[in-house]
Amino acid sequence: MQQLAAARPFNELKAGEHGRDPALQPQAGTPVEPADESATASSVRETVVSIKLGSQAQPGHNPGNESLDRVRVDSGGQALTTNQGVRVADNQNSLKAGLRGPTLLEDFILREKITHFDHERIPERVVHARGSAAHGYFECYDPLDQLTMAAPFAAAGKRTPVFVRFSTVAGERGSFDTARDVRGFAVKFYTDDGNWDLVGNNIPVFFIQDAMKFPDLVHALKPEPHHAMPQAASAHDTFWDFVSLMPESAHMLMWVMSDRAIPRSYRMMQGFGVHTFRLVNAAGESKLCKFHWSPRAGTHSLVWDEAVKISGADPDFHRRDLWEAIEAGSFPEWELGLQIFDEEQAENFRFDVLDPTKIVPEELVPLLPVGRLVLNRNPDNFFAETEQVAFCTAHIVPGIDFTNDPLLQGRIHSYVDTQLTRLGGPNFHEIPINASIAQVHNNQRDGLHRQAIHRGSVSYEPNSLAGGCPFQAGRAGGGFVSIPTPFPATGEGDKLRGKPERFADHFSQATLFWRSQSEPEQRHIAGAFRFELSKVQVPAVRERVVSLLANVDAGLAAAVAEGLGFAVPAPQPRALEPAVESELDSSPALSLLARPGDGGVQTRRVALLVVDGADLASLRAAQTALREAGATPRFVGPRIGPLGADESMAIEMSFEQAPSVLWDAVVLANDAAAARPLSMYGQALDFVKDQYRHCKPILALGGPGGLLAAVNLPLMLPEGEADPGLFVCAPPSETDPALRTDADTVTAFIAGLA
Ligand code: HDE
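So, how was this worked out
Residues numbered from 1 in each chain as written. Predicted model: local features only at pLDDT ≥ 70, side-chain atom pairs only at ≥ 80, totals over all residues. Pairing = 2+ DSSP bridges. Helix = DSSP H or I, 4+ residues; strand = E, 2+ residues; numbered from the N terminus. Contact = placed C-beta atoms within 7 Å. Axes fitted to C-alpha atoms, helices over the stretch in contact; angles between N-to-C directions. pLDDT = per-residue confidence, 0-100. Buried ≥ 20, exposed ≤ 12 C-beta atoms within 10 Å, placed from the backbone. Domains from an automatic or database assignment. Nonpolar A, V, L, I, M, F, W, Y, C, P; charged D, E, K, R; others polar. Core = buried A, V, L, I, M, F, W, Y, C linked by C-beta atoms within 7 Å. Parallel < 35°, antiparallel > 145°, perpendicular 65-115°, else oblique. Left-handed = near helix turned anticlockwise from the far one by under 90°. Near = placed C-beta within 6 Å. Arc of directions from axis to C-beta.

Moving on: the sheet that holds strand S11 (residues 605-609). Sheet architecture is open: 6 strands sit in the order S15-S12-S11-S16-S17-S18, paired in parallel fashion. For this open sheet the edge positions go to strand S15 (653-654) and strand S18 (726-728), each flanked by a neighbour on one side alone. Bridge count for strand S17 (residues 698-700) against S18 is 3 bridges, and the pairing is parallel. By the bridge assignment, Ala700 is partnered in S18 with Val728. Those strands touched by helix H17 (residues 616-628) are S11, strand S12 (632-637), strand S16 (665-668) and S17, and its axis lies near 175 degrees from that of S11.

Here is the structure:
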């Protein structure tokens, strides 16, 4: 002990705290071999098996989780025990004083079981309470060392394990999936250099510009406090009251009222880091960066009528979709694209890149594709993983840094803080799903639920008694160093509350978004505003929202006002006059149609409507063709169970269980020979009507008669052309060679579905 103390006469790191560069660069400490193994230092240097596999990580293989086998539980072949490992003889009856007597306080088995149960629930997330998650990996295309030293981008083909959680924002944990809402898109990268959380959304902008307003926004959005309504919905007075008084929310409102807010699937939406971040290379040079995730399956959305009906038919629609796709081996995939720009470019934009209500249009800074994200494993346990995962914007690694975006700055604090309550203390990083692959060594100690058993007497730095360990890494040792950035020119050095001037342009990009939408998308946006505002009870709030929209687009304001039965009010006064015009007239990349995906039909759900006596041969042919194309065809009918004599075919779902809205397309069996054809079932009629109303492809194997005729759909468009969504096979008796064969029609149907 004496010897060790002598080896460290003073703290040499002190020198680095004074003066200017390079002295300000943190230096690596020098670990000293402990002279005396029996002294405390030996315990600090315990051998830990390295689990850093880095580039060798296999698809979806999280080496961090592997080391946690000790906490995985498989009770196969095991007797039931108490939490103390005592075998339980009777798990049916409590201990009583006589068979009809009172239960005894002595029953420690009953009390342990009930006590644990009483405390099973933890507080739900204050926002983003409802979510679903999956494991997977991020694979880098090419090394990005010129741009960043962040570990996931170090080498071509390098795979970094990830855990990704998707969520809605407003609803409670048990709410439904298809609410109109922003979706969270949070990615935890378990990098070699520690965990990096990219906690993004499926919309690239946000409602507010400063963290100061976040509690107000959430209070306005959540169910109203007096009666706790409505659940998972923004269509109520307090939300619209708040946003109508916050013109900076105009751009985000356009996105939230668009089809983006009702995605068809988590697998079919984009993700965005939202804020401008920094990438930093090993030389300490930095560039500004925006993160974009683009789904391989393309961007697809529901229509409102579908979303409403799905929330009744299957509140777990998105959760189930994600789970089933992964179970079926159809792994969801996204490409990561970066927008890279420097300060000079940023200065020349008409907007401020620190303003989170603004995008950097892709036409100004194109996306650089840098890698792909693949989700290939469902969690083993929802609570242990999806519920307990803690994403924190403060979790960054060397190579990534923050900017001064005032919303981001507030988030850096909020996420760690919220876990203290939600996960019960400061050791949430030790929960298996949150634990980094990179080893953790520091002098933080104790606290509720501590797992690590630290050995030795030293829990401070500098020290001599533990050989100076764990020692400061310094820049050269891979330590995190914040990139030195000058304070902005305006207001340098002043302590003040306020915003830069360019933050005062609230409408130019809302207008750009509107102009960039296709005609149906614009119609849906106007419809969404009308719907939401019709739920608002206070007329003045409705009018104020429309006065805001009048600054976005006169046509939009007129369409909304017309639906609400009043004339368009005068536009709200702008904070900046004259109005700022965006650099672009329109940005095609902002339309959902810009990302059709790979054009495949992977995992699209197709219902094959069938009754006893229908022609099974043509159904089987359609089923096979759909399966070969990667779709998920299922037989749906009035009851479940075997179909006729052929035992290999069975009705898998009933009309009640799986109504139209849960399907992407429908095939109508040729039931001409059936005793009770499909057209005699009310649910089948509703099924086809909804498919038609929601513009989903319909394939009629039995020709234009039967169910199709019973629903009385117009087979032709008003212009006299055949409806491109209807695929009608030749009737059984038809011999006209000009008519398409069944096989051709099925092929055309699959193309239509894509
Ligand atoms: Fe969050 N946000 N947020 N947020 N957020 C949370 O953290 C917060 C914001 C986002 O799947 C909370 O662990 C503040 C923007 C996602 O677990 C909380 C501000 C974006 C998730 C919190 C914002 C997000 C959260 C609640 C403004 C898109 C779910 C529970 C200053 C870039 C993560 C929790 C998951 C969750 C605070 C704004 C995305 C309270 C203070 C902008 C995806 O800490």
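Let us now look at unusual backbone geometry. For the bond running from Met229 to Pro230, omega is -5 degrees, close enough to zero to count as cis. In this structure, Pro578 follows Glu577 across a cis peptide bond, with omega equal to -5 degrees. One non-glycine residue with positive phi stands out, namely Ala228, at about 55 degrees. Counting through the fold element by element, Ala228 comes out in the loop between helix H5 (214-221) and helix H6 (237-244). Its identity is not glycine, yet Ala232 carries a phi of approximately 50 degrees, on the positive side. Relative to the assigned elements, Ala232 resides in the loop between H5 and H6.

Turning to the confidence of the model for the protein, a few remarks are in order. Averaged over all residues, the pLDDT of the protein equals 91, while 90% of them reach at least 70. Counted against residues more than four places away or in other chains, residues 37-60, with its pLDDT under 50, gives 51 contacts. Taken together, the chains of this predicted complex give a pTM of 0.92 and an interface ipTM of 0.98.

To continue, consider the environment of Glu562. Inspection of the secondary structure assignment puts Glu562 in helix H16 (residues 554-564). Given 13 C-beta atoms within 10 Å, Glu562 falls into the partly exposed group. It is 8.8 Å that separates the C-alpha atoms of Glu562 and Arg530, two residues lying 32 residues apart in sequence.

Glancing now at the domain arrangement of the protein. In terms of domains, the protein is made up of domain 1 (131-246 + 258-434), domain 2 (503-594) and domain 3 (605-753). On the side of domain 2, 28 residues touch domain 1, which itself brings 25 residues to the contact. The class makeup of the residues in the side of domain 1 that touches domain 2 is 7 nonpolar, 7 polar and 11 charged.

With that settled, the discussion passes to the nonpolar core. If you look at the biggest cluster of nonpolar residues, it comprises 104 residues, and the most contacted ones within it are Leu608, Leu609 and Leu668. In terms of residue count, the dominant contributor to this core is helix H7 (residues 250-256) (6 residues). Those residues in contact with Leu668 that lie beyond four places of it in its chain are Leu609, Leu678, Ile698, Leu699, Ala700, Leu701, Gly702, Gly706, Leu707 and Leu708. Grouped together as the second largest cluster of nonpolar side chains are 59 residues, Ala133, Ala150, Val164 and Ala186 included.

Here we take up the packing of H17 against helix H20 (residues 742-753). One way to put it is that H17 packs onto H20 with a least axis distance of 10 Å and a crossing angle of 40 degrees. Judged on the interaxial angle alone, H20 and H17 are oblique. By crossing handedness, the relation of H17 to H20 is classed as right-handed. From H17, Ser618, Ala621, Ala622, Ala625 and Leu626 reach across to H20, where they touch Asp742, Val746 and Ile750. Across the contact of H17 with H20, the residue classes tally to 6 nonpolar, 1 polar and 1 charged.

For the rest of this paragraph, the subject is the site of the ligand. Near the ligand there are 25 residues, and of these Arg125, His128, Gly184, Ala211 and Val274 occur at the shortest range. At the level of elements, strand S2 (159-168), strand S3 (183-191), strand S4 (194-201) and helix H12 (406-422) are the ones that each hand at least two residues to the shell around the ligand. Considering every element that reaches the shell around the ligand, the biggest residue donor is H12, with 6 residues. Within the shell around the ligand, the residues separate by chemical class into 13 nonpolar, 9 polar and 3 charged.

Time to look at the pairing of strand S7 (residues 286-295). Taken across its 10 residues, S7 has 9 buried, putting it largely inside the fold. Here 4 bridges tie strand S6 (residues 277-280) to S7, and the two strands are oriented antiparallel to one another. The residue of S7 that forms the bridge with Phe277 is Cys289. Hairpin remark: S6 followed by S7, antiparallel, with 5 residues in the connecting loop; positive phi at Gly284, about 85 degrees.

Along helix H8 (residues 304-313), the residues classified as buried are Glu306, Ala307 and Ile310. Along the axis of H8, the buried residues cluster in a sector spanning 100 degrees; they form a single face. Exposed residues lying more than 90 degrees from the buried face of H8 are Asp305 and Gly312. Those residues of H8 that are buried are in contact with helix H9 (317-327).

With 6 bridges joining them, strand S1 (residues 131-140) and strand S9 (residues 368-377) adopt antiparallel strand pairing. Bridge pairing links His135 to Arg377 in S9. Taken together, the 6 bridges between strand S8 (residues 333-341) and S9 define a ladder with antiparallel strand orientation. Directly across from Trp334, in S9, lies its bridge partner Leu373.

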